[in-house]
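Reading the structure
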Amino acid sequence: MKKLLSAVALSAVMLTSTGLSAKEIIIKFSHVVAENTPKGQMANKFRDLVAERLAGKVKVEVFPNAQLFGDNKVLEAILLGDVQLAAPSLSKFKKYTKKLQVFDLPFLFNNMDAVEKFQNSPAGKGLLRSMESKGLIGLGYLHNGLKQMSASKPLRVPADANGLKFRIMSSDVLAAQFQAVGALPLKKPFSEVFTLLQTKAIDGQENTWSNIYSKKFFEVQPYISETNHGALDYLIITSAEFWNGLPADIRAELEKALNEAVALGNKVAIEKSVKDRQKIIDSGRSTVLTLTPEEIAKWRAAMKPVWTKFEDQIGKDLIAAAAASN
Ligand code: LMR
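Treat the numbers as computed from the prediction; the structure is a model and nothing was measured. (Residues numbered from 1 in each chain as written. Predicted model: local features only at pLDDT ≥ 70, side-chain atom pairs only at ≥ 80, totals over all residues. Heavy atoms only, no water.)

Attention shifts here to helix 10 (residues 248–283). Taking 1.5 Å of rise per residue, the 36 residues of helix 10 would be expected to cover 52 Å, and the 49 Å separating its terminal C-alpha atoms lies within 8% of that figure. Along helix 10, the helix axis deviates most sharply at K272, where the bend reaches about 35 degrees. (Helix = DSSP H or I, 4+ residues; strand = E, 2+ residues; numbered from the N terminus. Expected span 1.5 Å × (residues − 1). Bend = angle between axes of the 7 residues up to and from the residue.)

Now the structure itself:
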């Protein structure tokens, strides 16, 4: 009898769990950064909110540190349905739209307030849907922050970068930006940057304080120039097929949870841009160089021709709208 009862209990558990997993929607969220970053915190918050509010209906599984896919593969994976959510940097969409390249233009935004203002403007919001015909929907932006340049030698003026190899994200605008100062840009996945720097296969890279800190780039780069020359923000992306196929009530709950998670991620971004910078300085492993306004003006002037070069691809109006947010 006891045996029979436990067999019944077991099959009930199995049935329940099979029943649950049949109905439960799984959202795999793949990203490339560490968990203690704006994106890492945002993704985990989203997972936790969904667990609280949609238990048994939706489950979010987060895969950080490029465990599942690097950013060069994740958009394809979304279209194939292998992953449902990702938040690649805005520099990584050129296969699907040229418009988002606007965010890479050097010295376009004076600060993160301008980036935020542009993202919330009609032009900025319009970009969320710029890849719908390709099957991708942008659900919102997420901040990381302004980029700094790190290198094996002090970079104060553009001539200092001449002949140096810099890792860049897969963006033609970023390639042109480094070519404009006589440097050699190399498009490489984020997951390879530390080793490339450590083995001196490259001389430098550009990134935000939180990425430089969390991936320990500062331990293998003796100098970081505080250039604030461009923004590194993210687009939260999903497939149109998946998103439009969700029941409306679930989609609304997910949107709400995403907005709350983004609010947290943006708060973390502001904090990290100050605290991780300070932690790097305190470590004594890398010298942070503050540039004078005259030095910054030289970088700006050297890189400004990149705007004209990409004007046709991005659109003059879009560039003007972004510049107007300063
Ligand atoms: C990079 O590749 O440097 C960044 O896009 C990584 C990230 O997601 O912040």
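We now examine the confidence of the model for the chain. Fine structural detail should not be taken from predicted coordinates in areas where pLDDT scores are low. Averaged over every residue, the pLDDT of the chain is 94; the share at 70 or more is 93%. Overall, residues 1–22 carries pLDDT values under 50, and its contacts beyond four positions in sequence, including any with other chains, amount to 1 contact. (pLDDT = per-residue confidence, 0-100. Contact = heavy atoms within 4.5 Å.)

This part takes up the pattern of salt bridges. Enumeration over the complete set of coordinates arrives at 13 salt bridges. Where salt bridges share partners, they join K94, D172 and K187 into one cluster. (Salt bridge = Lys/Arg side-chain N within 4 Å of Asp/Glu carboxyl O.)

A few words now on the packing of helix 2 (residues 38–53) against helix 10. Packing of helix 2 against helix 10 brings their axes to within 8 Å, and their N-to-C directions diverge by 150 degrees. With respect to each other, helix 2 and helix 10 are oriented roughly antiparallel. Read as a crossing pair, helix 2 and helix 10 show a hand that is right-handed. Broken down by class, the residue content of the contact of helix 2 with helix 10 amounts to 13 nonpolar, 2 polar and 6 charged. (Axes fitted to C-alpha atoms, helices over the stretch in contact; angles between N-to-C directions. Parallel < 35°, antiparallel > 145°, perpendicular 65-115°, else oblique. Left-handed = near helix turned anticlockwise from the far one by under 90°. Nonpolar A, V, L, I, M, F, W, Y, C, P; charged D, E, K, R; others polar.)

Here we come to the pairing of strand 8 (residues 204–207). By the alternation rule, side chains of strand 8 split into G204 and E206 and Q205 and N207, which are all buried. Pairing of strand 5 (residues 148–151) with strand 8, which is carried by 4 bridges, proceeds in the antiparallel orientation. The residue of strand 8 that forms the bridge with M149 is E206. (Buried < 20%, exposed > 50% of the residue type's maximum accessible area, 1.4 Å probe, protein only. Pairing = 2+ DSSP bridges.)

Our next topic: the sheet that holds strand 6 (residues 165–168). A sheet is described by the order of its strands in space; here 6 strands give the open sequence 7-6-8-5-9-11, paired in mixed fashion. Where the open sheet ends on each side, the last strands, each with one partner, are strand 7 (184–187) and strand 11 (287–290). For this sheet, the mean inter-axis angle between neighbouring strands, taken without regard to orientation, is 25 degrees.

It is worth spelling out the site of the ligand at this point. For the ligand, the full set of nearby residues is V32, V33, K39, S89, K92, R167, M169, F190, N207, N211, L232 and Y234. The contact in question runs from an oxygen atom of the ligand to an N or O atom on the side chain of Y234, over 2.5 Å. When the ligand is considered free in solution it has 270 Å² of accessible area, and contact with the protein chains removes 100% of it. Of the residues that constitute the shell around the ligand, the class distribution is 6 nonpolar, 3 polar and 3 charged. (Near = heavy atom within 4 Å. Polar contact = N/O pair within 3.5 Å; in protein donor to acceptor, adjacent residues only side chain to side chain. Areas by Shrake-Rupley, 256 points an atom, 1.4 Å probe, with all protein chains shown as cover.)

Soluble globular proteins: nonpolar side chains tend toward being buried together. In this structure, F29, M42, F46, I236, L254 and W299 are the most contacted members of the largest nonpolar core, which totals 63 residues. At 7 residues, the largest contribution of residues to this core is made by helix 10. Apart from the residues within four sequence positions on either side, M42 is in contact with F29, L142, I236, L258, A261, V262 and G265. In terms of nonpolar packing, the next biggest core, distinct from the first, is built from 37 residues, V74, Y96, F109 and F310 among them. (Core = buried A, V, L, I, M, F, W, Y, C linked by side-chain atoms within 4.5 Å.)

Positive phi, close to 55 degrees, is recorded for A66, a residue that is not glycine. Considering the arrangement of structural elements, one finds A66 in the loop between strand 2 (58–63) and helix 3 (71–80). We classify A66 as partly exposed; its relative accessible area is 21%. If you check the backbone angles, K216 has positive phi at about 60 degrees while not being a glycine.

Enumeration over the complete set of coordinates arrives at 7 aromatic pairs. Their ring planes at 15 degrees and their centres at 5.5 Å tell us that Y213 and F218 sit as a pair that is stacked. Assessed through its relative accessible area of 25%, Y213 is described here as partly exposed. A network of ring pairs unites the aromatic residues F103, F109, F118 and Y141 as a single cluster. It is K304 that lies over the ring of W307; its NZ or CZ is 4.3 Å from the centre. (Phe/Tyr/Trp six-rings, centres within 6.5 Å; stacked < 30°, edge-to-face > 60°. Lys NZ or Arg CZ within 6 Å of the ring centre and 35° of its normal.)

Once that is clear, we can look at the side chain of N211. Checked against the element boundaries, N211 lands in helix 8 (residues 209–214). Looking at N211, the relative accessible area reads 3%, which means it is buried. At 2.8 Å, the side chain of N211 forms a polar contact with the side chain of N207. The residues contacting N211, other than those within four sequence positions of it, are V33, T37, N144, F190, K216, F217, L232 and Y234.

Positionally, R167 belongs in strand 6. One buried charged residue, R167, remains without a salt bridge, the closest side chain of opposite sign being D71 at 6.8 Å. The residues touching R167, leaving out its near neighbours within four places in the chain, are K92, L186, K188, P189, F190, V193, I202, G204, Q205, E206 and N207. (Lys, Arg positive; Asp, Glu negative; His and termini not counted.)

This part is about helix 14 (residues 316–323). Those residues of helix 14 that fall on the buried side of the exposure criterion are L318, I319 and A322. End-on view of helix 14: buried residues confined to an arc of 100 degrees, all on one side of the axis. Residues of helix 14 that are exposed and point more than 90 degrees away from the buried face comprise K316 and D317. (Arc of directions from axis to C-beta.)

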